[in-house]
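Residues per chain are reported as follows:
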Amino acid sequence: MNEKNVIINGVGGQGILTLLDLLANAAMLQGYEVKTAEVHGLSQRYGALETHLRFGEKINSSLVMEGDADSIISLEPLEALRVVKYASKKTVYLINTFKIAPISLTIEMKKYPELSFIEERLKRFTSNIIWVDASNKVKEITGNTIATNIYMAGFAIGYGLLEISPGNFENAIRERFAGKDAIIGQNLNVFRRGVEDGKSKRG
Amino acid sequence: MRVLESGNKKVILLGNEAVVRGALEAGVEFATTFPGTPASEIGNTFYKIAKDVGIYFEYSVNEKVAIETAAGAAFSGLKSIVAFKHFGLNVASDTFMPIVYLQASPMVIAVADDPSCWSSAQSEQDSRWYAEIAKIPMIEPSDPQETKDFTKLAFEMSEKYKTPVFLRLTTRVSHTKMPVELDEIKSKSKKGRFQRDWERFNNLPPHILELKRMVLEKLEKIREEVSEKLGYLNRIEEGSDNIGIITSGVSYHYVKEACKKFGVNPSILKISMANPEPKKMIAEFIKDKDVVLVVEELDDYLERKVKLVVKEFNIQKEIHGKDSITGVGELRVEHVINALQKIYNISRFDFSLRKEKYKNIEVPKRFPTFCPGCPHRSTYYAFKVAMEELGLRREDVVIGGDIGCYMLAINPPYQLADFIIDMGAGLGVSHGIAKSVENQKVVAFIGDGTFYHAGMPQLLNARFNNSNLITVVLDNSYTAMTGQQPNPGSDVNAMGEKVGGVKIEEIAKAFGYKNVAVINPYNLKEAIEVFRKALASNEQWVIVSRAECRLAMVRRLMSKDLKIPKFYVANQVEECKEKLMKIGCPAIQMDENGNVYIDQDLCWGCGLCFQVCPQAVRAKVEK
Ligand SMILES: Cc1ncc(C[n+]2csc(CCOP(=O)(O)OP(=O)(O)O)c2C)c(N)n1
Ligand code: SF4
Ligand code: SF4
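Everything quoted here is computed from the prediction, not taken from an experiment. (Residues numbered from 1 in each chain as written. Chains lettered and ligands numbered in written order. Predicted model: local features only at pLDDT ≥ 70, side-chain atom pairs only at ≥ 80, totals over all residues. Heavy atoms only, no water.)

Caption draft 1: Representation of the domain arrangement of chain B within the structure. Here the domain parsing of chain B yields domain 1 (2-187 + 200-227), domain 2 (234-357), domain 3 (375-556) and domain 4 (563-620). Between domain 2 of chain B and domain 3 of chain B, the C-alpha centre-to-centre distance is 48 Å. (Domains from an automatic or database assignment.)

Shown next as structure tokens:
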């Protein structure tokens, strides 16, 4: 593999920086050079949050070029649309279906757009769009949506998007949450469910 | 913790963590900071590890105090580091200049610029110019590995040449993660001793001019011994094309990436010490090139230096820089490719076509907002109601904003900040307005962190010069926006000493304010009443709105496995719907059928919505 260019994004508070760190560590364990970039700041407070992950044989820039993303993992549907400039024919979109309405809509009492509206626009750039019912799945497993980030990583790895082995990601989980056995256990559980579902989606 | 891993290992580090690791490997004994993104994680990491490593760390009241404290440590023979964001250097600059003359060393001053202003509302500043004014050697790493290595090197240089060293970072270096090779940590607990030295510290004229001469000579020595040393900080990568690229910092990686993607092979001069710049190396590099392109973020800092070298060495060359690469916003590989296409006169990429395609895709804005349950939201809500109840028109009330989470009030739905300038300026400028206008009320909002940092002289000034300014201090016990750092209002300092927090209302009283009130923003009725009273009077007021940062509170509850209170919508009351939505809490949402509901994962139970619409909202009782 030469290089992988990945965008991971969503809304501040969805555990995106944790996901980015886990994937970076897993990529390192896989033997790649890796760099990540956090394009955020004021955006932590429920604002749009965009991060970049690049790994492969030789990595210089930590930022993905426009149209150059191999995959885009979006934890929120509208946010998927916000980063469409990184997509082109080769891009695979993995999008969590769980909607978080932005304040700009709610205070105006406006409706959140339909998923089909979002998909129609994304399709102008790539036809590989996979909707993942991640947050709802995670809620079934753990009772809340907090581990959605971990499930999405599992799904992406199971689907074969990242060329990172599940074992290396699991080790990244163990390193990051060292000393918190209950959290490790739950995250591993969620991650494995994601891997399974990703695999079966791939068929 | 990764920053404390033993040597001979590779761990993933954030650029800012790499600063800390580099300092630890150099044997740092004393660290200070004032938080500010993109530099915040430097201080936050020291905060987490200082006690374990046995070194001293403090969150100082502001950057001027932070640099002074670190200089004091260096004067006492301790290896010290101070870190802050670019605006911090503005605040610290009055001390930054003279400590170069006074040879504060071993000392590293780490400053992070923020191209694109990801975390900065005030201006897009290029701090490299400060190196010029202060005559201080400056080192610029391009990624976390270099950040660690160069921080260590900065300490060595500082010690050897008896000068503080300026470590200049940018967002893309500070906020990039990559695997970093570690060496052993040398830091341990140490006490110093101040050595009196008349020759060194006498900076009264005429001796000050001697000191300046010495600083200039030192800079020339560093130029010869460090900057001109090929392959050390500054290095050349020979290419096969007759084109030369001179670059520094993170731009180096964009150049490498662009050449790879574009398929060209120019020679590259990578400058990691741009002050003092390696004049001979630059001249030598340029000599046999057809065209030279300077690739740098923000201003034409390097470009000007290169153009001076061209003059000095009498070389006739075409030098490109800001004529081909934007000076606004952070650079990207795309910018470098565009510049290369022009210089090589080949066109392989057309980014503008793509831009057209996604320009017409409108995505609803998602501007940042207060956390659910944030005390600031309640304060602004109460203020808005008080204004409405008094029948005050918005244009008759001037509202000064300031820097912190509460500046989000400039956005809808509140829009209760008319201007935001820099830390503390809200108060100072509002006083100026209050002295200038009539028939307008002037109110200034300021956070507790900002108040301690740069609000106290302004509050004193407004009192002394007698303006009828209403000052509202939003006291949430933390410097919250940058990551809930403790400040002088906190009971415990960064070293874990119980020192007792300073109360802002006591300061206001000590300054001589007569109308001083403390409100609990979660008690809506009471808060509205106090704001009404202040707005109706024609007098000076200081109102302290006190409630803990909700995010900090929720984190504490969660770490103790305690339940967070929740509210829910029990009745769909038609006339309440809009009122509830206009609170602007992320937890309050509307479903497909137009029913208002409260997301139970998001609600942090402040009860504001309940007080706004008791007919519709209920507290959830845990069974
Ligand atoms: C001179 C300077 N230093 C640091 C910063 C970074 N900064 C931005 S917001 C903020 C926090 C202000 O804290 P506070 O006033 O308590 O408001 P809160 O975020 O807690 O609401 C800081 C330090 C800055 N903008 N300018
Ligand atoms: S971090 Fe604290 S002060 Fe800032 S918006 Fe969240 S709750 Fe409010
Ligand atoms: S939903 Fe109501 S109680 Fe819950 S955080 Fe928002 S305003 Fe506070």
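Caption draft 2: Structural view of the layout of surface pockets. Quantified by volume, the second largest pocket comes out at close to 940 Å³. Along the wall of the second largest pocket there are 34 residues; nearest its centre are Glu50(A), Arg82(A), Lys85(A), Tyr86(A) and Trp118(B). Those elements that place two or more of their residues in the lining of the second largest pocket are strand 1 (3-11), strand 3 (48-56) and helix 2 (77-82) of chain A together with helix 13 (333-344) and helix 14 (351-359) of chain B. If you tally residues by element for the lining of the second largest pocket, the top one is helix 14 of chain B, at 5 residues. By residue class, the composition of the lining of the second largest pocket is 15 nonpolar, 8 polar and 11 charged. (1 Å grid on protein atoms, 1.4 Å probe; cavity = no way out; pocket = protein on both sides within 12 Å on 5 of 7 lines; lining within 4 Å. Points joined across faces, edges and corners; volume = space filled by probe spheres on them. Helix = DSSP H or I, 4+ residues; strand = E, 2+ residues; numbered from the N terminus. Nonpolar A, V, L, I, M, F, W, Y, C, P; charged D, E, K, R; others polar.)

Caption draft 3: Layout of the packing of aromatic side chains. Residue and element names in this part refer to chain B. Scanning the model with the defined rule gives 22 aromatic pairs over all chains in all. Between Phe370 and Tyr380, the ring centres sit 6.3 Å apart and the planes meet at 10°, which makes this aromatic pair stacked. Here Phe370, found in the loop between helix 14 and helix 15 (375-389), pairs with Tyr380, found in helix 15; they are 10 residues apart in sequence, far enough to count as distant. Across the pair, exposure class does not vary: Phe370 and Tyr380 are buried alike. Members of the aromatic cluster, joined through ring pairs, are Phe370, Tyr380, Phe383, Phe445 and Phe531. Over the face of the ring belonging to Tyr252 we find Lys270, whose NZ or CZ atom lies 5.3 Å from the ring centre. A cation sits over an aromatic face here: Arg348 above Phe262, 4.9 Å from the ring centre. (Phe/Tyr/Trp six-rings, centres within 6.5 Å; stacked < 30°, edge-to-face > 60°. Buried < 20%, exposed > 50% of the residue type's maximum accessible area, 1.4 Å probe, protein only. Lys NZ or Arg CZ within 6 Å of the ring centre and 35° of its normal.)

Caption draft 4: Up close: the site of ligand 2. Every residue close to ligand 2 is listed here: Arg45(A), Phe370(B), Cys371(B), Cys374(B), His376(B), Cys405(B), Asn476(B), Ala480(B), Gln484(B), Cys549(B), Arg550(B) and Leu551(B). Around ligand 2, the neighbouring residues derive from chains A and B rather than from a single chain. Residue composition of the shell around ligand 2, grouped by class: 7 nonpolar, 3 polar and 2 charged. (Near = heavy atom within 4 Å.)

Caption draft 5: Fine view of the interface of chain A and chain B. Tallying the contact residues gives 63 residues for chain A and 69 residues for chain B. Summed over both sides, the interface between chain A and chain B buries roughly 5,700 Å², with carbon and sulfur atoms accounting for 57% of that surface. Summed over the shared surface of chain A and chain B, the result is 10 salt bridges. Between Glu175(A) and Arg2(B) there is a salt bridge, and its shortest N-O distance comes to 2.9 Å. Broken down by secondary-structure element, the contributors of at least two residues to the side of chain A that touches chain B are strand 1, helix 1 (16-29), strand 2 (33-39), strand 3, helix 2 and helix 3 (103-106) of chain A. (Contact = heavy atoms within 4.5 Å. Buried area = accessible area lost by both parts, 1.4 Å probe. Salt bridge = Lys/Arg side-chain N within 4 Å of Asp/Glu carboxyl O.)

Caption draft 6: Focus on the sheet that holds strand 6 (residues 138-139) of chain B. All names here are of chain B. Spatial strand order, 3-2-4-5-7-6: 6 strands in an open sheet with parallel pairing. The open sheet has two edge strands, strand 3 (56-59) and strand 6, and neither has a second partner. Looking at chain direction, strand 4 (residues 80-85) and strand 5 (residues 107-113) are connected through 6 bridges and run parallel. Note that in strand 5 the partner of Ser80 across the bridge is Met107. Packed on one face of the sheet, helix 6 (residues 144-161) meets strand 4, strand 5, strand 6 and strand 7 (165-170) and runs near 165° to strand 7. (Pairing = 2+ DSSP bridges. Axes fitted to C-alpha atoms, helices over the stretch in contact; angles between N-to-C directions.)

Caption draft 7: Seen up close, the packing of helix 11 (residues 279-287) of chain B against helix 12 (residues 301-312) of chain B. All names here are of chain B. Running from N to C, helix 11 and helix 12 cross one another at 75°; their axes reach a closest spacing of 10 Å. Taken together, the axis directions place helix 11 and helix 12 in an arrangement best described as roughly perpendicular. Contacts from Lys279, Ile282, Ala283 and Ile286 in helix 11 reach Val306, Val309, Val310 and Glu312 in helix 12. Split into classes, the residues belonging to the contact of helix 11 with helix 12 amount to 6 nonpolar, no polar and 2 charged. (Parallel < 35°, antiparallel > 145°, perpendicular 65-115°, else oblique.)

Caption draft 8: Local environment of helix 15 of chain B. Residue and element names in this part refer to chain B. For helix 15, with 15 residues, the first-to-last C-alpha span of 21 Å sits near the 21 Å given by 1.5 Å per residue. Among the 15 residues of helix 15, 12 are classified as buried, and the element is accordingly described as predominantly covered. Taken together, the buried positions of helix 15 are Pro375, His376, Arg377, Ser378, Thr379, Tyr380, Tyr381, Ala382, Phe383, Val385, Ala386 and Met387. (Expected span 1.5 Å × (residues − 1).)

Caption draft 9: Structural view of the pairing of strand 14 (residues 397-400) of chain B. All names here are of chain B. A two-sided burial pattern is seen for strand 14, the buried positions comprising Val397 and Ile399 on one face and Val398 and Gly400 on the other. Inspection of the sheet shows strand 14 paired to strand 15 (residues 441-447) by 4 bridges, in the parallel sense. Bridged to Val398 within strand 15 is Val442.

Caption draft 10: View of the nonpolar core. Residue and element names in this part refer to chain B. Ranked by internal contacts, the top residues of the largest apolar core, which has 91 residues, are Tyr380, Phe383, Leu580, Ile583, Ile588 and Ile598. Taken domain by domain, this core gets at least three of its residues from each of domain 3 (375-556) and domain 4 (563-620). Once residues within four sequence positions are removed from consideration, Tyr380 is found in contact with Phe370, Tyr406, Ala409, Tyr414, Leu416, Phe445 and Leu474. (Core = buried A, V, L, I, M, F, W, Y, C linked by side-chain atoms within 4.5 Å.)

Caption draft 11: Quick look at the state of the cysteines. All names here are of chain B. The tally for this structure, following the rule as stated, stands at 1 disulfide over all chains. Between the sulfur of Cys576 and that of Cys613 lies a disulfide, 2.5 Å long from S to S. Around the S-S axis, the bridge from Cys576 to Cys613 shows a dihedral of about -110° and counts as left-handed. Here Cys576 is found in helix 22 (residues 574-581), whereas its partner Cys613 is found in the loop between helix 23 (608-612) and strand 22 (617-619), with 37 residues between them in sequence. Residue Cys576 shares its accessibility class with Cys613, and that shared class is buried. (Disulfide = S-S within 2.5 Å.)

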